[in-house]
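In case you want the letters, here they are:
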Amino acid sequence: MFNIAAKRIIKEIKEVINGDQVEDAALKLELVNDNWMDLRGEFKGPPDTPYEGGAFKLEIKVPETYPFNPPKVRFMTNVWHPNVSSVTGAICLDILKDQWAAALTLRTVMLSIQSLLAAAEPNDPQDAVVATQYKENPELFAKTAKHWTNIYAGGPNHVWEFNRKVEVLIDMGIEEHKARVALSTNDWDIEKATEHLFS
Amino acid sequence: MDHKIKNASEGIAPMGISALNETVLSNQPESRYECPVCLNWLRDPVITTCGHKFCKKCITSWNSGHCPIDNINLSMKVDIFPDNYTKREIQEQRMSCPFAAKGCSVKVTPLDLDSHISTCEYNQPEASHQSDITIPCSFKAVGCKETFDNQEDLNNHLHNDILTFAVAKMKQNNDMLLRYCMGNYIWKIDNFQARLDAMLKDHYKMLYSPGFYTSPNGYRFCVRLNISPQNPQCFALHVHLMKTEYDDCLDWPFNGRIAFSMINQYNPELTQRDTMMSNSSLIAFRKPTAEICLRGFGYTEYALVSDVIRNGFVKDDVLIVKVSIRCV
């Protein structure tokens, strides 16, 4: 009558809605249209990390062969993290690739991504620039991640110093997001960032 | 792409997910009878050497050489056995049809329930039994669109929902005030002492007023009050442009006169008045690119905190700042 994938997705949505984790991890999962292949997930940034207080949206594409193949998951919210591409939102996580197992569910996948934010794997990076900053200048990394959480994920912690630096580049006529990326990838050195943008 | 799989997914499209909902969720197995792959009742259960149960078909389709639960190596030939004990237990279960309330008395094994539901004679779309006579809400005249079948439902609605409606209506009125104030906005900051304490503790805390309009479809501004970053003895007071849906219809940069009055609530003669002209070369007056323009315009050292507290500007824990913005 229906294939396994569709049945599973319905049960999994219910599992997320009824799960104990709803309060703690604040998971959300919903269909984009009346179509089980296209979902949106959302979770709260883990506490005591630069992502705290942010709401992170995920695009989840379920293949017809689910659960025998993993769902395709990427961040729709811009995130500054060694294992997430700051450009495409692609996530480097073993269970989404070769370590996928049919008994994993969208709930466990979202919880794994949430814990990935709390415990980065800089030696298996998705974004090399972020990973380098994470290893060489952990304080600046944390501040940048907090700033991105504030700007893109609605986190409560402003980093005014970075807001001002972004404004300086905006004043030069650079688009806001571009300015933020250039500064973030150049350790917030305005001179280096402008050089990078205009070279 | 495997043809069988493709057909299956096309088959569900016309029915949509909501129809699927009811049948799938009415037939939820206990966890010990649930296959971790399809999340359904175990069909032809098998058990692995690592101690996990699956439908025979599910574990065969998985076929990765690893257990889907603990990733231990599994050989299809030697590590998987039929679990006839569980199979018998499931077959001994009987479930009522979800349409029992409509009169279906059929009881089947969990494995047969899905196929029964699809052929059950009681599985008919709900006949619409909407009553012809409906009672509108007593507050229809002010915009409540609810209708009710009987007086009791209406009474419940009046008790439970109408307060929410009234609050929403009031909020709407507030929004109207902001839109039709013609650039004259009176910002009453209540709980002022507590807010001030919070700002003194954390200089990055700032108070923002709601956005108000210079004309119904005009420029939208908000006011920001905070402790001056240059001089923590002083308040800074700025206006910020905010995005509106009709920004494209306005002239940019904004040109006009901005006047602040901080009201002295004990002696009106001591009310502090300041007027500034916009400066078209500043980012603050360009078309906003964010919900609130990052750049503001105003005074970084507007008034001494101690003056504001001691000299009659705060009364009943409320500070009042009047802002008047005119285009020129």
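Residues numbered from 1 in each chain as written. Chains lettered and ligands numbered in written order. Predicted model: local features only at pLDDT ≥ 70, side-chain atom pairs only at ≥ 80, totals over all residues. Heavy atoms only, no water.

Per an unreviewed UniProt entry, the recorded name for chain B is RING-type E3 ubiquitin transferase, and the organism is Leptidea sinapis.

The name given to chain A in an unreviewed UniProt entry is E2 ubiquitin-conjugating enzyme, with the source organism recorded as Leptidea sinapis. Here is the UniProt Sequence similarities (unreviewed entry) comment for chain A, exactly as written: "Belongs to the ubiquitin-conjugating enzyme family." (UniProt positions renumbered as here; feature names shortened; annotations may be inferred.)

A. Structural context of the UniProt feature "active site" (unreviewed entry) in chain A. With numbering aligned to this structure, UniProt lists the feature "active site" (unreviewed entry) at Cys92(A). Within the secondary structure layout, Cys92(A) lies in the loop between β4 (72-75) and α3 (106-118). (Helix = DSSP H or I, 4+ residues; strand = E, 2+ residues; numbered from the N terminus.)

B. Summary view of α3(A). For α3(A), which comprises 13 residues, the first-to-last C-alpha distance of 19 Å matches the rise-based estimate of 18 Å (1.5 Å per residue) to within 8%. All of the buried residues along α3(A) are Leu106(A), Arg107(A), Val109(A), Met110(A), Leu111(A), Ile113(A), Gln114(A), Leu116(A) and Leu117(A). (Expected span 1.5 Å × (residues − 1). Buried < 20%, exposed > 50% of the residue type's maximum accessible area, 1.4 Å probe, protein only.)

C. Quick peek at the UniProt feature "domain: RING-type" (unreviewed entry) in chain B. Here the UniProt feature "domain: RING-type" (unreviewed entry) sits at residues 35-71 of chain B. Secondary structure content for residues 35-71 of chain B is 19% helix and 19% strand, and the end C-alpha separation is 16 Å.

D. Spotlight on the state of the cysteines. Residue and element names in this part refer to chain B. All told, the structure shown has zero disulfides over all chains when counted by the stated rule. This cysteine, Cys104, is not joined by any disulfide, and Cys97 carries the nearest cysteine sulfur, 3.7 Å off. On the basis of relative accessible area, Cys104 is assigned to the buried category, the value being 7%. (Disulfide = S-S within 2.5 Å.)

E. Summary view of the pairing of strand β11 (residues 220-227) of chain B. Residues and elements named next belong to chain B. Most of β11 sits inside the fold, with eight of its eight residues counted as buried. Burial of the side chains of β11 extends over both faces: Arg220, Cys222, Arg224 and Asn226 are buried on one face and Phe221, Val223, Leu225 and Ile227 on the other. Of the strand pairs in this sheet, strand β9 (residues 206-208) and β11 are connected by three bridges, and their pairing is antiparallel. The partner of Leu207 across the bridge, within β11, is Leu225. As consecutive antiparallel partners, strand β10 (residues 212-213) and β11 are separated by six residues. (Pairing = 2+ DSSP bridges.)

F. Region of the structure containing the nonpolar core. Counting 66 residues, the largest nonpolar core has Leu58(A), Phe75(A), Ile91(A) and Ile113(A) as the members making the most contacts within it. Broken down by element, this core gets its largest block of residues, seven residues, from α3(A). In this structure, Leu58(A) is in contact with Leu39(A), Arg40(A), Gly41(A), Phe43(A), Val73(A), Arg74(A), Phe75(A), Met76(A), Ile91(A), Met110(A) and Ile113(A), ignoring residues within four places of it in sequence. By size, the runner-up hydrophobic cluster in this structure holds 39 residues, among which are Tyr185(B), Ile189(B), Phe254(B) and Val321(B). (Core = buried A, V, L, I, M, F, W, Y, C linked by side-chain atoms within 4.5 Å. Contact = heavy atoms within 4.5 Å.)

G. Main features of the pattern of salt bridges. Scanning the entire structure with this criterion turns up 19 salt bridges over all chains. Here Arg107(A) and Glu15(A) are joined by a salt bridge, their closest N and O atoms 3.6 Å apart. Remark: Glu15(A) occurs in helix α1 (residues 4-18) and Arg107(A) occurs in helix α3; sequence separation between them is 92 residues. Using a relative accessible area of 19% as the deciding quantity, one classes Arg107(A) as buried. Of the residues examined, Glu15(A) reaches a relative accessible area of 29% and is grouped as partly exposed. Across the salt bridge formed by Glu245(B) and Arg179(B), the nearest N and O atoms sit 3.4 Å from each other. Linking Glu245(B) in the loop between β12 (234-242) and β13 (256-262) with Arg179(B) in helix α7 (residues 162-179), this pair joins segments that are 66 residues apart in sequence. With relative accessibility at 60%, the residue Glu245(B) sits in the exposed group. (Salt bridge = Lys/Arg side-chain N within 4 Å of Asp/Glu carboxyl O.)

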